[in-house]
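Summary of structural features
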Amino acid sequence: MELEQGTEQFEVFTGTAGASARREHERLREKRATRIRDKHPHLGNLILALSDDPQSTQAWAIGARGEEDLGQSLDALSGHGVRVLHDRRIPRSKANIDHIAVTAAGVFVIDAKKYQGRPSLRVEGGLFSPRTEKLMVGSRDRTKQVAGVQKQVSLVRSALRDAGWEEIPVHGMLCFVGADWPLIGGAFVIGGVRVVWPKKAIENLLKPGTLTEQTARFVHGLLAASFLPA
C-alpha cells in the first residue's frame, strides 16, 4: 500500500503494560476484603492480615508483573526502530492483547506469561496415529495458550487487511518471563507461534526486514486506533 504524502500521523498512546491485570487484581482483593469485613465486623482486619489472597487472585498480580517486566524491556527498544503498544483491548471482548510490536520485520503479537517450570514442546503420535503437538510448562499442558495467540494474530491481520496492509507479516509469540529455560537452546515454534524468553523475543524484534520507518509509524498508529488501551 502506498503512503500518501502529507498524511499526518496522530500521537499514539502506547498504553501501560499490565494495567488491566493489575486493576483486576485490586478489584478482587477489595471485593474479598469487603466481604470479610462485612461478615466479621470486629475481626475482619485481623483475618485479612493473617490470611493470603486466593490463588486465583494472586495469579492476576503475577501475570501483571510478567507483563510489566516484559513491557519495560520492549520500551527500551524504542531507539532501535521498535514501536510498541501495551495492554490493548480486543473489540467486543473482555480479553486483551498484552503487547504489540511493530518492527522492520513486521508486526509481533506478544502474549506474556509468568509461569514456573520449563516450557517444552511435546510431540505425540506418528506413524499409526495423528501427530499432535502440546505446549508443556513443567508437567502442565498449556496448549490452550497457543490458540489464544493464534486468535490475536488473526484479529491483527484482519485489522491490517481491512486497511489495505495485508502484505505486512504478523508473527505470534508466547514469551515466558522467569521460566526455567535451559542455558542453551529452548525456543521452539508450535502452531505457528514462537515460544521464547524475553531476550530471545528481543532478538526476533531486532531482526532486519522490509518495513520502512514511515510504514512502521503508520502501521503503529493504525493498530493503536484498532486496539484501544484496555
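What counts, and where the lines are drawn
Residues numbered from 1 in each chain as written. Predicted model: local features only at pLDDT ≥ 70, side-chain atom pairs only at ≥ 80, totals over all residues. Heavy atoms only, no water. Helix = DSSP H or I, 4+ residues; strand = E, 2+ residues; numbered from the N terminus. Buried < 20%, exposed > 50% of the residue type's maximum accessible area, 1.4 Å probe, protein only. Lys, Arg positive; Asp, Glu negative; His and termini not counted. Charge placed at Lys NZ, Arg CZ, Asp CG, Glu CD. Axes fitted to C-alpha atoms, helices over the stretch in contact; angles between N-to-C directions. Parallel < 35°, antiparallel > 145°, perpendicular 65-115°, else oblique. Left-handed = near helix turned anticlockwise from the far one by under 90°. Contact = heavy atoms within 4.5 Å. Phe/Tyr/Trp six-rings, centres within 6.5 Å; stacked < 30°, edge-to-face > 60°. Lys NZ or Arg CZ within 6 Å of the ring centre and 35° of its normal. Polar contact = N/O pair within 3.5 Å; in protein donor to acceptor, adjacent residues only side chain to side chain. pLDDT = per-residue confidence, 0-100. Pairing = 2+ DSSP bridges.

As for the overall build of the chain
Each helix and strand in the chain was counted, giving six helices and nine strands. Overall, the C-alpha framework of the chain stretches about 70 × 55 × 35 Å when taken along its three principal axes. Per-residue burial for the chain yields a buried fraction of 40% across its 230 residues. Charge separation in the chain, taken as the distance between the mean sites of 32 positive and 26 negative side-chain charges, equals 7 Å.

With respect to the packing of helix α1 (residues 19-39) against helix α3 (residues 55-75)
Interaxial distance between α1 and α3 falls to 8 Å at its minimum, and their mutual angle equals 160 degrees. As the angle between them shows, α1 and α3 are arranged roughly antiparallel. Of the two possible hands of crossing, α1 and α3 adopt the one that is left-handed. Only T57, W60, A61, A64, R65, E67 and E68 of α3 make contact with α1, whose side of the interface consists of A21, R22, E24, H25, L28 and R29.

A word on unusual backbone geometry
It is generally the case that most residues other than glycine have a negative phi and that most peptide bonds are trans. Here the phi dihedral of D87 falls at roughly 50 degrees; this positive angle occurs in a residue that is not glycine. One can find D87 in strand β1 (residues 83-89). For R92, which is not glycine, the phi dihedral falls at a positive 60 degrees. Mapped onto the elements of the fold, R92 is located in the loop between β1 and β2 (96-103). Residue classification places R92 among the exposed residues on the basis of a relative accessible area of 85%.

Section: the packing of aromatic side chains
Evaluated as defined, the whole model comprises two aromatic pairs. Ring centres of Y115 and F176 lie 5.8 Å apart, and the angle between their planes is 45 degrees; this geometry places the pair in the tilted category. Of this pair, Y115 sits in the loop between β3 (106-113) and β4 (119-124) while F176 sits in strand β7 (residues 170-176), placing them 61 residues apart in sequence. We note that Y115, like F176, is buried. Here the aromatic rings of W181 and W197 are separated by 4.9 Å at their centres, their planes lie at 55 degrees, and the arrangement is tilted. Note that W181 is positioned in the loop between β7 and β8 (188-190) and W197 in the loop between β9 (193-196) and α5 (198-205), a separation of 16 residues in sequence. Here W181 falls in the buried class, since its relative accessible area comes to 13%. Its end group placed over the ring of Y115, R142 keeps NZ or CZ at 4.1 Å from the ring centre.

Quick notes on the environment of E213
Note on placement: E213 falls in helix α6 (residues 213-226). Look at E213 and you get exposed, because its relative accessible area is 59%. Between the alpha carbons of E213 and V123 there is a distance of 40 Å; along the sequence they are 90 residues apart.

Here we look at the side chain of H86
Tracing the backbone through its elements, the reader meets H86 in strand β1. Overall, H86 belongs to the buried group, its relative accessible area being 1%. Within polar-contact distance, the side chain of H86 engages the side chain of D75 at 2.7 Å. Discounting chain neighbours no more than four positions away, the residues touching H86 are T14, G15, T16, A17, G71, L74, D75, I97, D98 and H99.

Regarding the confidence of the model for the chain
Averaged over the chain, the pLDDT score is 91; the fraction of residues at 70 or greater is 96%. A low-confidence stretch, residues 1-8 stays under pLDDT 50, and its non-local contacts, those more than four residues away or across chains, total nine contacts.

A short note on the environment of C175
Along the chain, C175 falls in strand β7. With 10 residues separating them along the chain, C175 and W165 place their C-alpha atoms 26 Å apart. Here C175 is in contact with L70, I110, D111, A112, K113, V196, W197, P198 and A201, once residues within four sequence places are set aside.

Side note on the sheet that holds β2
Reading across from one edge, β1-β2-β3-β7-β9-β8 is the order of the six strands in this open sheet, with mixed pairing throughout. Only two strands of the sheet have a single partner each, and these edge strands are β1 and β8. Across the sheet, the mean angle from the axis of one strand to that of its neighbour is 30 degrees, orientation sign disregarded. Across four bridges, β7 lies against β9 in parallel orientation. Counterpart to G172 in the pairing with β9 is V193.

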